[in-house]
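Listed below are the residues making up each chain.
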Amino acid sequence: MHECTCHQNYTADTLIPKVGIITDIRQETPDVKTFRVNAPEGGKLFEHMPGQCAMLCAPGISEGMFSITSSPTNKEYQEFSIKKCGSLTSYLHDLSVGDAITVRGPYGNHFPVDSALLGKDLLFIAGGIGLAPLRSVINYVLDNREQYGKIDILYGSRSADDLVQLKEIREKWMQAEGVQVHLTIDRPQEGWDGHVGFVPAYLKELGFSNDKTALVCGPPIMIKFVLAALEEMGFSKNQVYTTLELRMKCGVGKCGRCNIGTKYVCKDGPVFRCDEIDALPDEY
């Protein structure tokens, strides 16, 4: 009989739900809220790295995998930015400060902030709620600014009203040394004097040099055209990272729903370099 190794990357603590208390809720856009969660005794529920996920559970309703959007450098709490799009997310959007949820995690690997990204010029490219997984990385890099090169952040959404974390973008990211933020919306809007156009087109218009490492997250169709644009600009596949956390289900390699060829997104990802994704079978 073979020994089961599906849990070898996880401790018992990772598999047991922890009670979290919602201590703050921010309405980011008409359909996105950011939830701040603390342990009942205060502080964080667990430690994590940028790009890792957690399972949020509403007993009797459902559970789902969400990116941890706060940086691990934040020692006081964890945050999750959640778009209202189904029964679980609708339930979460109806919660109030002081309500309890259960949380399991952290799950998956992380962006290589402690290895491959060190000393590199970084280009973050996000669309819509796709900023959520990258926010943790961006704030981690800003809190360890001396370890990284120049930073460019390209972020777009359907409208100005759909830009997530806009207050933080304007008050922190745009004010940081060595950081350039490029915002765009899909179509003209009254009161918006910034760039108008889709993210892939704006990416080519900005014409970044291909000596950067790119981190990409957003709707699948946006990622498809962003990757094509980066390739056209001379970026190689091993310079580009993305995250596939939307495919994660159980988080521990048991259900098989995130299986692609020999890979399990929850165990081998969700963060992948794009040359690693190219090696996956066509079913992806």
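Okay, so let's go over this structure.

## A word on helix α3 (residues 131-143)
Thought 1: In a regular helix each residue adds 1.5 Å, so 13 residues correspond to 18 Å; α3 covers 18 Å between its end C-alpha atoms and thus fits that length.
Thought 2: Buried within α3 are the following residues: Leu131, Ala132, Pro133, Leu134, Arg135, Ser136, Val137, Ile138, Asn139, Tyr140, Val141 and Leu142.

## Structural notes on the pattern of salt bridges
Thought 1: Scanning the entire structure with this criterion turns up 18 salt bridges.
Thought 2: A salt bridge links Glu28 to Arg26, with the shortest nitrogen-to-oxygen separation between them at 3.4 Å.
Thought 3: Overall, the relative accessible area of 17% leaves Glu28 in the buried class.
Thought 4: What makes Arg26 partly exposed here is its relative accessible area of 24%.
Thought 5: The shortest N-O distance in the salt bridge between Glu171 and Lys167 comes to 3.0 Å. One end of the pair, Glu171, and the other, Lys167, are both in helix α4 (residues 166-173), four residues apart, so they sit about a helical turn from each other. Of the two residues, Glu171 and Lys167, neither departs from the other in class, the shared state being exposed.
Thought 6: Salt bridges sharing common partners tie together Asp24, Arg26, Glu28, Arg36, Glu79, Arg135 and Glu168.

## With respect to the environment of Gly119
Thought 1: Tracing the sequence through the fold places Gly119 in the loop between β6 (100-107) and β7 (122-127).
Thought 2: In this structure, the C-alpha to C-alpha distance between Gly119 and Ile16, residues 103 residues apart in sequence, is 37 Å.
Thought 3: Aside from chain neighbours lying at most four places away, what touches Gly119 is Gln147, Tyr148 and Gly149.

## Concerning the pairing of strand β11 (residues 213-217)
Thought 1: Counting buried positions along β11 yields five of five residues, so the element is predominantly enclosed.
Thought 2: Of the two faces of β11, the one carrying Thr213, Leu215 and Cys217 and the one carrying Ala214 and Val216 are both buried.
Thought 3: Alignment of β7 against β11, held across five bridges, turns out to be parallel. Following the sheet pairing, Leu123 is matched in β11 by Ala214.
Thought 4: In terms of strand pairing, β11 meets strand β12 (residues 240-243) through three bridges, oriented parallel. Residue pairing for β12: Ala214 is matched across the bridge by Val240.
Thought 5: Crossover connection from β11 via helix α6 (residues 220-232) to parallel β12: handedness right-handed.

## Some details on the nonpolar core
Thought 1: Counting residues in each nonpolar core, the largest one holds 33 residues, and the members touching the most others are Phe124 and Leu215.
Thought 2: For this core, the elements supplying multiple residues, two or more each, are β7, α3, β8 (151-157), α4, β9 (179-185) and β11.
Thought 3: Once you skip the residues sitting within four places of it in the chain, Phe124 turns out to touch Leu134, Val137, Ile138, Val141, Ile151, Asp152, Ile153, Leu154 and Leu215.

## Notes on the packing of helix α5 (residues 199-206) against α6
Thought 1: As a packed pair, α5 and α6 sit with axes 8 Å apart at the nearest point and diverge in direction by 20 degrees. In terms of orientation, α5 and α6 fall into the roughly parallel class. Our pair here, α5 against α6, has a crossing hand that is right-handed. Residues Val199, Pro200, Leu203 and Lys204 of α5 form the contact with α6, whose participating residues are Met222, Phe225, Val226, Ala229, Leu230 and Glu232.
Thought 2: Of the residues in the contact of α5 with α6, the class split is eight nonpolar, no polar and two charged.

## Quick look at the side chain of Ser157
Thought 1: Of note, Ser157 is situated in strand β8.
Thought 2: We classify Ser157 as buried; its relative accessible area is 7%.
Thought 3: Sequence-distant contacts of Ser157, that is, excluding residues within four places in its chain, are made with Gly128, Asp162, Leu163, Thr184, Ile185 and Asp186.

Conventions and cut-offs
- One numbering rule holds for all chains: residues counted from 1, following each sequence as written.
- Totals for whole chains, interfaces and linings use every residue, but because this is a predicted model, local features are given only for residues with pLDDT of at least 70 and side-chain atom pairs only at 80 or more, for both listing and counting.
- With hydrogens and water stripped out, all remaining heavy atoms of the structure feed into the side-chain values.
- Only runs of H or I of at least four residues qualify as helices and only runs of E of at least two qualify as strands under DSSP, and these elements are numbered from the N terminus.
- One less than the number of residues in a helix, times 1.5 Å, gives the span that helix is expected to have.
- In this scheme, a residue with accessible area under 20% of its type's maximum is buried, one over 50% is exposed, and one in between is partly exposed, where area comes from a 1.4 Å probe on protein chains only.
- The term salt bridge refers to a pairing of a side-chain nitrogen on Lys or Arg with a carboxyl oxygen on Asp or Glu at a separation within 4 Å.
- Whether two residues touch is decided by their heavy atoms; if any such pair falls within 4.5 Å, the residues are in contact.
- Only when DSSP finds a minimum of two bridges between them are two strands counted as paired.
- For a crossover, the right-handed case is the one in which the path from the first strand over the helix to the second runs clockwise, viewed with the strands pointing away from the viewer.
- Joining through side-chain atoms within 4.5 Å is the link that ties buried Ala, Val, Leu, Ile, Met, Phe, Trp, Tyr and Cys residues into a set, and such a set is a nonpolar core.
- Whenever a helix is involved, its axis is fitted only over the stretch in contact; in every case the axis is a line through C-alpha atoms, and angles between N-to-C directions fall within 0 to 180 degrees.
- In these notes the angle categories are as follows: under 35 degrees is roughly parallel, over 145 is roughly antiparallel, 65 to 115 is roughly perpendicular, and the rest is oblique.
- The crossing is said to be left-handed when, going from far helix to near helix, the turn is anticlockwise and less than a right angle, and right-handed when the turn is clockwise.
- Polar here means any residue outside two lists: the nonpolar Ala, Val, Leu, Ile, Met, Phe, Trp, Tyr, Cys and Pro, and the charged Asp, Glu, Lys and Arg; Gly therefore counts as polar.

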